[in-house]
Amino acid sequence: MFLFKLLLKNAFRHKLRTLLTMVGLVVAISAFGLLRTIVDAWYAGVDATSSTRLITRSAISVGYPLPLYYAERIKKIEGVSGVTWVNWFGGIYIDRRNFFARFAVDANSYFPMYPEYIVNDEEKTAFMADRQGAIVGRKLAQRFGWKVGDTIPLSGTIYPGNWNFTIRGIYTSNDARTDETLMLMHFGLLSENVRKRLGTTAANQVGLFMVGIKDPARASAVSQEIDALFHNSVAETLTETEKSFQLGIVSMSQAVLMAIRAVSFVVILIIMAVMANTMTMTARERLAEYATLKALGFSPAFVVKLLFGESLMIAAIGGMAGIALTFPLAMGFVQQTGSLFKVFEVSNQTMLYQALASLFVGLIAAAWPAWKMSRIDIVQGLRHIA
Amino acid sequence: MRAIPLSYVMRNLWVRRVTTILTAGGMALVVFVFATVLMMTEGINETMVATGQADNAMILRKGAGTEINSAISRDQASAIEALPGIATDGEGRKLLSREVVVLNNLPKRDSGDMANVTVRGSSLIGAALRPQIQLTQGRMFRPGTSEIIAGQAVAKGFANVSLGQTLHFAGRDWTVVGIFDAKRSGFDSEIWADVNQVMQAFRRAIYSSMVFKLTSIEALTGIKKAVGEDPRLQLDIKLEQRFYAEQSEQMTKFIRLLGMSLSVIFSVGAIVGAMITMFAAVASRIGEIGTLRALGFRSEAVLMAFLGESLGLSLVGGLFGLGAASLMQSVNISTVNYATFSEIAFRFRLTWDVAMQTMVFSLVMGVLGGFVPAWRAAKLSIIECLRQA
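As the structure is a prediction and not an experimental result, all values here were calculated from the model.

Trainee: When you look at the overall build of chain A in this model, what are you seeing that I'm missing?
Mentor: Summing up its helical and strand segments, chain A has 15 helices and eleven strands in all. Computed over its C-alpha atoms, the radius of gyration of chain A comes to 30 Å, more than 25% above the 21 Å expected for a compact globule of 386 residues. Every one of the 386 residues in chain A was classed for burial, and the buried ones make up 41%. Pairs at least 24 residues apart make up 82% of the contacts formed inside chain A by residues separated by at least 6 positions.

Trainee: Would you take a moment to explain the overall build of chain B for this structure?
Mentor: Counting secondary structure elements, chain B contains twelve helices and twelve strands. Computed over C-alpha atoms, the radius of gyration of chain B comes to 30 Å, more than 25% over the 21 Å expected from 2.2 N^0.38 for 389 residues, which places it beyond the range of a compact globule. Across its three principal axes, chain B shows a C-alpha extent of roughly 95 × 45 × 30 Å. The buried share of chain B, taken over its 389 residues, is 49%. Put simply, 83% of the contacts in chain B that link residues at least 6 apart link residues at least 24 apart.

Trainee: It is not clear to me how the packing of helix H2 (residues 17-51) of chain B against helix H8 (residues 240-284) of chain B should be interpreted in this structure. Could you clarify?
Mentor: Angle between the axes and distance between the axes are the two parameters that describe a pair of packed helices. All names here are of chain B. Two numbers describe how H2 lies on H8: the axes approach to 8 Å, and their chain directions differ by 175 degrees. In terms of orientation, H2 and H8 fall into the roughly antiparallel class. Its residues assigned to classes, the contact of H2 with H8 shows 18 nonpolar, 16 polar and one charged.

Trainee: When you look at the pairing of strand E6 (residues 151-155) of chain A in this model, what are you seeing that I'm missing?
Mentor: Taken residue by residue, a regular strand's side chains alternate between the two faces of the sheet. Residues and elements named next belong to chain A. Residue alternation in E6 divides its side chains into a buried set, Ile152 and Leu154, and an unburied set, Thr151, Pro153 and Ser155. Bridge count for E6 against strand E7 (residues 162-171) is five bridges, and the pairing is antiparallel. By the bridge assignment for E7, Thr151 is matched with Thr166. Where E6 folds back onto E7 in an antiparallel hairpin, the turn is made up of six residues, including Gly161, whose phi is positive at roughly 110 degrees.

Trainee: When you look at the interface of chain A and chain B in this model, what are you seeing that I'm missing?
Mentor: Interfaces are frequently sized by the accessible area removed from exposure as the parts join. In this assembly, 39 residues from chain A lie in contact with 47 residues from chain B. Every element with two or more residues in the side of chain A that touches chain B is listed here: helix H2 (15-47), helix H10 (242-251) and helix H11 (254-285) of chain A. When residues of the side of chain A that touches chain B are assigned to their parent elements, the largest contribution, 15 residues, is made by H11(A). Of the residues that constitute the side of chain A that touches chain B, the class distribution is 23 nonpolar, 13 polar and three charged.

Trainee: Is there a simple way to explain the domain arrangement of chain B in this structure?
Mentor: Residue and element names in this part refer to chain B. For chain B, the assigned domains read domain 1 (6-49 + 247-388) and domain 2 (89-214). Counting from both sides, the interface comprises eleven residues of domain 1 and, opposite them, twelve residues of domain 2. Those elements giving two or more residues to the side of domain 1 that touches domain 2 turn out to be H2, strand E11 (332-337) and strand E12 (342-347). It is E12 that provides the largest number of residues to the side of domain 1 that touches domain 2, a total of five residues. Partitioning the side of domain 1 that touches domain 2 into residue classes produces five nonpolar, three polar and three charged.

Trainee: Explain the domain arrangement of chain A to me, please; I cannot follow it from the model alone.
Mentor: By domain assignment, chain A separates into domain 1 (2-45 + 253-383) and domain 2 (60-235). On a C-alpha basis, the centroid separation for the pair domain 1 of chain A and domain 2 of chain A is 49 Å.

Trainee: Is there a simple way to think about the packing of H8(B) against helix H10 (residues 299-327) of chain B in this case?
Mentor: All names here are of chain B. As a packed pair, H8 and H10 sit with axes 11 Å apart at the nearest point and diverge in direction by 140 degrees. Taken together, the axis directions place H8 and H10 in an arrangement best described as oblique. Like other packed secondary-structure pairs, H8 and H10 cross with a definite hand, here right-handed. Residues Ala274, Thr277, Met278, Ala281 and Val282 of H8 lie in contact with H10, whose contacting residues are Phe306, Glu309, Ser310, Leu313 and Ser314.

Trainee: Please explain unusual backbone geometry as it appears in this structure.
Mentor: Across residues other than glycine, the phi torsion is negative in most instances, and most of the peptide bonds are trans. Here the phi dihedral of A:Ile94 falls at roughly 60 degrees; this positive angle occurs in a residue that is not glycine. Mapped onto the elements of the fold, A:Ile94 is located in the loop between strand E3 (80-88) and strand E4 (102-105).

Trainee: What is the right way to look at helix H11 (residues 352-379) of chain B in this model?
Mentor: Every α-helix carries 3.6 residues per turn, so stepping three or four residues along brings you back to the same face. Residues and elements named next belong to chain B. Between its first and last C-alpha atoms H11 spans 39 Å; for 28 residues at 1.5 Å apiece the expected length is 40 Å, and the two agree. In H11, a bend of some 40 degrees at Gly370 exceeds every other bend along the element, and Pro373, a proline, comes one to four places later. Along its buried surface, H11 packs onto H2, H8, helix H9 (286-294) and H10.

Trainee: Can you help me understand the sheet that holds E7(A) in this one?
Mentor: Adjacent strands of a sheet pair through backbone hydrogen bonds, lying either parallel or antiparallel. All names here are of chain A. The sheet built from nine strands is open, its strands ordered E6-E7-E5-E8-E4-E3-E10-E1-E11 with mixed pairing. Taken across any chain shown, the strands that pair with only one partner, and hence form the sheet edges, are E6 and strand E11 (237-241). The mean inter-strand angle of the sheet, taken between neighbouring strand axes irrespective of direction, is 35 degrees. In the sheet, E3 pairs with E4 via three bridges, with the strands oriented antiparallel. Considered in E4, the bridge of Trp88 is made with Phe103. Lying over the sheet, helix H5 (residues 121-129) contacts strand E5 (133-137) and E7, oriented at roughly 160 degrees with respect to E7. Helix-sheet contacts for helix H9 (residues 219-229) involve strand E1 (53-58), E3, strand E10 (208-213) and E11, and the interaxial angle to E11 is about 170 degrees.

Trainee: I tried to follow the nonpolar core on my own but got confused; where do I start?
Mentor: In a soluble, globular protein the nonpolar side chains are often hidden away together inside. Judged by nonpolar contacts, the single largest core of 162 residues is most densely connected at A:Ala28, A:Ile270, A:Ile271 and B:Val33. Among the elements that make up this core, the one with the highest residue count is H2(B) (18 residues). Setting aside its immediate chain neighbours within four residues, A:Ile270 contacts A:Ala28, B:Gly26, B:Leu29, B:Val30, B:Phe266, B:Gly269 and B:Ala270. If you look at the next biggest cluster of nonpolar residues, it comprises 46 residues, including A:Met113, A:Ile167, A:Phe187 and A:Val211.

Trainee: What exactly am I supposed to notice about the pairing of E11(B) here?
Mentor: All names here are of chain B. For E11 and E12, the ladder comprises six bridges, and the chain directions are antiparallel. Across the sheet, residue Val336 finds its bridge partner in E12, namely Glu343. The antiparallel hairpin formed by E11 and E12 contains four residues in its connecting segment, where Phe341 sits at a positive phi of about 65 degrees.

Trainee: What am I meant to see in the confidence of the model for chain A here?
Mentor: Low pLDDT means the predicted coordinates in that region are not meant to be read closely. Confidence in the prediction of chain A, expressed as mean pLDDT, is 89, and 98% of residues score 70 or more. When mean pLDDT is taken per element in chain A, strand E8 (residues 183-186) of chain A scores highest with 96 and helix H15 (residues 378-383) of chain A scores lowest with 80.

Trainee: What exactly am I supposed to notice about the environment of A:Ser191 here?
Mentor: In this structure, A:Ser191 sits in helix H7 (residues 187-198). Setting aside anything within four residues of it in sequence, one finds A:Ser191 in contact with A:Ala203 and A:Asn204.

Trainee: Even after reading the chapter, I still don't get the confidence of the model for chain B, so can you show me in this structure?
Mentor: Here chain B shows a mean pLDDT of 91. Residues at 70 or above account for 99%. The ipTM, which scores confidence in the relative placement of chains, is 0.80 for this predicted complex, and the corresponding pTM is 0.84.

Trainee: I keep staring at the environment of B:Glu147 and nothing clicks. Help me out?
Mentor: Residues and elements named next belong to chain B. Within the secondary structure, Glu147 sits in strand E5 (residues 147-151). Distance from Glu147 to Val102, taken between C-alpha atoms, is 16 Å for residues 45 residues apart in sequence. When residues no more than four places from it in sequence are discounted, the contact partners of Glu147 are Phe141, Arg142, Thr175, Val177 and Ala193.

Calculation notes
- Residues numbered from 1 in each chain as written.
- Chains lettered and ligands numbered in written order.
- Predicted model: local features only at pLDDT ≥ 70, side-chain atom pairs only at ≥ 80, totals over all residues.
- Helix = DSSP H or I, 4+ residues; strand = E, 2+ residues; numbered from the N terminus.
- Rg over C-alpha atoms; globule rule 2.2 N^0.38 Å.
- Buried ≥ 20, exposed ≤ 12 C-beta atoms within 10 Å, placed from the backbone.
- Contact = placed C-beta atoms within 7 Å.
- Axes fitted to C-alpha atoms, helices over the stretch in contact; angles between N-to-C directions.
- Parallel < 35°, antiparallel > 145°, perpendicular 65-115°, else oblique.
- Nonpolar A, V, L, I, M, F, W, Y, C, P; charged D, E, K, R; others polar.
- Pairing = 2+ DSSP bridges.
- Domains from an automatic or database assignment.
- Left-handed = near helix turned anticlockwise from the far one by under 90°.
- Expected span 1.5 Å × (residues − 1).
- Bend = angle between axes of the 7 residues up to and from the residue.
- Core = buried A, V, L, I, M, F, W, Y, C linked by C-beta atoms within 7 Å.
- pLDDT = per-residue confidence, 0-100.

Pasting the structure below:
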């Protein structure tokens, strides 16, 4: 207890310096947490996947068209419970910056495949009745302040022309990890548009098939069976679980993610330098004191304990404040970036890493001064006073 | 007003070496992040600007924005080809290339992860329209065959892309007959083949884009007008350079925004570090300050001396940070451009502009960190100072 009091007194002897150091720590630890949360958010789509869904896409690349009649052939495979398909609509809503995912879906088969997207029956019926209708996610509607009945103008990129969609429903989810930022419209509408321009063959083309399977354990067997079915055909396929499909998408931006990770460690290094400086200055100023302690018979280990204790105490207080600040910071970040990230939450693991980083900073910062002070010569130390 | 000699200021930094190194080290790290972000955006810009030729024009479907989204029918292509304003070569052939662009999944060399490589169906004229493309190994593909040539970034980054080897995609085996260097342009990240072969293999009936050389840049206006008046031609025409600049706009903006916000947040840490150091410097030298004042140096001179010391710190930090960042110039990276969904390779590029901005950023940190302590030093009364000493 006595030691603790001494540490506290020591730590706040230079109020301004300690306060500044803590401000630095708070900034560094919260920035570290925010960066880790950003990287986590990137992987959120991977966690939200279902083990009973496979994605079949063209072997050429994601989104390269496949013939619609594949759906019937996939359905016949043993273990397949359902098939649905989507096309990427692309398009621009007012400005390129207002990015969100827009898919043309076959509503009859799509919603049974994605039970996590909850739409009430009334809205679903309204959507089915309106060829120009759309269903949007709750978070997306929130972002732009849309209500049911609003008309959303999109200018086409893949499907040329100006499009107007009327929101007929808003879907929600009970699982926080589910993507609530999609805009869904009728596949039939798009294929009709393409038929008029380019003919029937071009109209019956699909970007991705989603395949429901009965038994997750047979995922890889069913995948192989699907791909074997179309091997050496007009359009070869590549089927994988939803999870590995999402991982593939995420890994495309691996360089950026690696850079963010690296940078999150740089901020820890920065604060380590600042903290080490604080402790070095503190130790230098107290040279005479430590010499006195030693002269009174305290062991060098006691001096070491004093320095480490003080450093750790500052790091702990700063670190805890930093962890606490991460939450409002993450919230503000989400508001600023709109729904760029589907899911954005500070994980327990992030908090653990933040705590470990503070501890590490506290230990390293005190290491050199502690070593130096434990070896000071009493006589020289005392002379320092005069 | 007499200024306190610079040697006094700098010697103080030297006397307290450990503190100076730690404080400047923190600043150097922030400066490093700041500089690499700028170098990255410079590198991407360099790649994209080098991709376009000043007198080449490019045609895409109206509103498509990228080659992948675009579609041009054979009829439209023929109508365009008949327009005046397109340059011809010595033998009277139009310098125009109908191209098709397909994203193709290939495994990376080191990790085996799949990534999108742009496969461009082009022609010998298409290659002539991009003089930056120089074959470094092998030869050009022969029209009418399943031969491909690959950019050096693809050859380096993707499995089996070496001279003489074959790649299997779109139901065929393609032989790599040449590797080209496209002078750090976007073409370095592409595979090229004969346009008709690519269309057959990928079963496409429509082109993605058309590129042609203008007789003069002024000719563009006439072509734009002619296309605008023809209702069959729902097409966008742009200078090639402008098109490629737009492709990278989103990406550079994103990197710049992320990088700058991080630098500013991180700089708080470094500024705090400088403040701590400078406050301590003032506190331990109170006697000296009093003496200097008693000798006749004005309080402004004291302010400048301490501010100078802080600037010295940030100068050291800035130089070290910039030095470390300059080492990054030898690093080449490749990542996906979300505007086109294809891989693009670029390097970190250090320009004078970047160096200047970085040093200004560093010195601003020094001023922000040093001003308050320096102000306090200047405001101390002489008597108090001398009494404390």
